[in-house]
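Working through the structure, step by step
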Amino acid sequence: MEWFESMLLGLVQGLTEFLPVSSSGHLAIGKALLGVEPSGDLVFEVTVHAATVLATIVVFRKEIWKLLCGLFKWKYNDETDYIAKLCLSMVPVFVVGMFFKDKVEAAFSSMRVVGLSLLATAILLTLSDWLSGRVAAARKEARNGISFWQALVVGVGQACAVLPGLSRSGTTISTGLLCGVKREKMAQFSFLMVLVPILGETFLDLVGGEMSASTVGTLPLLIGFVAAFVSGLFACKVMIALVRKAQLKWFGLYCALVGLAVLIWLA
């Protein structure tokens, strides 16, 4: 991978990570268009995901600091309740990472999986737009805007979204809305729940020596990281505003068109 290719792919990652259009799917499409051979590892993907996690920390630094301060008050409060729900939401993706990592990595080399997953994202986004208002009105709002069972369901959505083409933010936000979580609450929870899994994956890659064994050089990884971080800062702030106001079905339409284009191209 050349430095300019990593920069372009980093920009794609940063801009699409927070929008409900699947960053992993766009990365796979970007590699195909640039002629970059899919590597046998996911080090580049993990690196640019870590960059967008850092962007999330910067954007939500006040909220994260408040949660940490509340955690060390040594009593059950709103902050510890929220952290407990975040931890519960991480369990499904932890299970997938522990037992199905090889199958997930294999899926990243299949453009057919990307196309079909983008179509699934489109359906999920459209359904959440149609039904979320009715569901939210019929349910009593839980503490911190989300209950434990809702956090677990959103976590299952995140675990499914490890497939390329199935948008993580789109899946988690949509499943949360379909469970009755309000839009303004779901955006923050969706972005915070990914912090530990991605940072943990990056740490394991460093400790396990997968970074040094990667086919991607150090310079492309660094350039991709910086590009994803800068573009991620912009996209995260934009997405927070969009979730509160915009209709997700338009993102669903975009995903459907891209998914169909991928499948037609393969045919």
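Everything numeric here is computed off the predicted structure, so don't read it as measured data.

Right, let's talk about the packing of helix H5 (residues 78–99) against helix H8 (residues 148–160) for a bit. Relative orientation of the contacting elements H5 and H8 amounts to 35 degrees, with a least axis distance of 8 Å. You can see that H5 and H8 cross each other, and the crossing is right-handed. Touching Asp81, Ala84, Lys85, Leu88, Ser89, Pro92, Val93 and Val96 of H5 are Phe148, Ala151, Leu152, Gly155, Val156, Gln158 and Ala159, all from H8. Residue composition of the contact of H5 with H8, grouped by class: 10 nonpolar, 3 polar and 2 charged.

Okay, the packing of helix H1 (residues 3–17) against helix H2 (residues 23–34) next. Where H1 contacts H2, the two axes come as close as 9 Å, and the packing angle between them is 155 degrees. Considering the angle they form, H1 stands roughly antiparallel to H2. Judged by the sense of rotation from one axis to the other, the crossing of H1 with H2 is right-handed. Across the interface between the two elements, Glu5, Leu8, Leu9, Val12, Gln13, Thr16 and Glu17 of H1 pack against Ser23, His26, Leu27, Gly30, Lys31 and Leu34 of H2. Grouping the amino acids of the contact of H1 with H2 by side-chain chemistry returns 5 nonpolar, 5 polar and 3 charged.

Bringing the pattern of salt bridges into the picture now. Under the counting rule described, the total for this entry stands at 2 salt bridges. Among the salt bridges present, the one from Arg143 reaches Asp78, with a minimum N-O distance of 2.7 Å. With Arg143 in the loop between helix H7 (111–138) and H8 and Asp78 in helix H5, this residue pair connects regions lying 65 residues apart in the sequence. Note that Asp81 is salt-bridged to Lys85, the shortest N-O span being 2.8 Å. Of this pair, Asp81 and Lys85 both sit in helix H5, 4 residues apart, which is roughly one turn of that helix.

The next point concerns unusual backbone geometry. Positive phi values are uncommon outside glycine, yet Asn144 reaches one of about 65 degrees. Following the sequence through the fold, Asn144 ends up in the loop between H7 and H8.

Another point: the nonpolar core. Counting 43 residues, the largest nonpolar core has Ile29, Phe60, Leu86, Phe189, Phe191, Leu192 and Cys236 as its most contacted members. Setting aside residues up to four positions removed in sequence, Leu192 forms contacts with Phe60, Ile64, Leu67, Tyr82 and Leu86. Counting 9 residues, the second largest nonpolar core, distinct from the first, contains Leu9, Leu27, Leu221 and Ala228.

Thresholds, definitions, all that
Residues numbered from 1 in each chain as written. Predicted model: local features only at pLDDT ≥ 70, side-chain atom pairs only at ≥ 80, totals over all residues. Heavy atoms only, no water. Axes fitted to C-alpha atoms, helices over the stretch in contact; angles between N-to-C directions. Helix = DSSP H or I, 4+ residues; strand = E, 2+ residues; numbered from the N terminus. Left-handed = near helix turned anticlockwise from the far one by under 90°. Contact = heavy atoms within 4.5 Å. Nonpolar A, V, L, I, M, F, W, Y, C, P; charged D, E, K, R; others polar. Parallel < 35°, antiparallel > 145°, perpendicular 65-115°, else oblique. Salt bridge = Lys/Arg side-chain N within 4 Å of Asp/Glu carboxyl O. Core = buried A, V, L, I, M, F, W, Y, C linked by side-chain atoms within 4.5 Å. Buried < 20%, exposed > 50% of the residue type's maximum accessible area, 1.4 Å probe, protein only.

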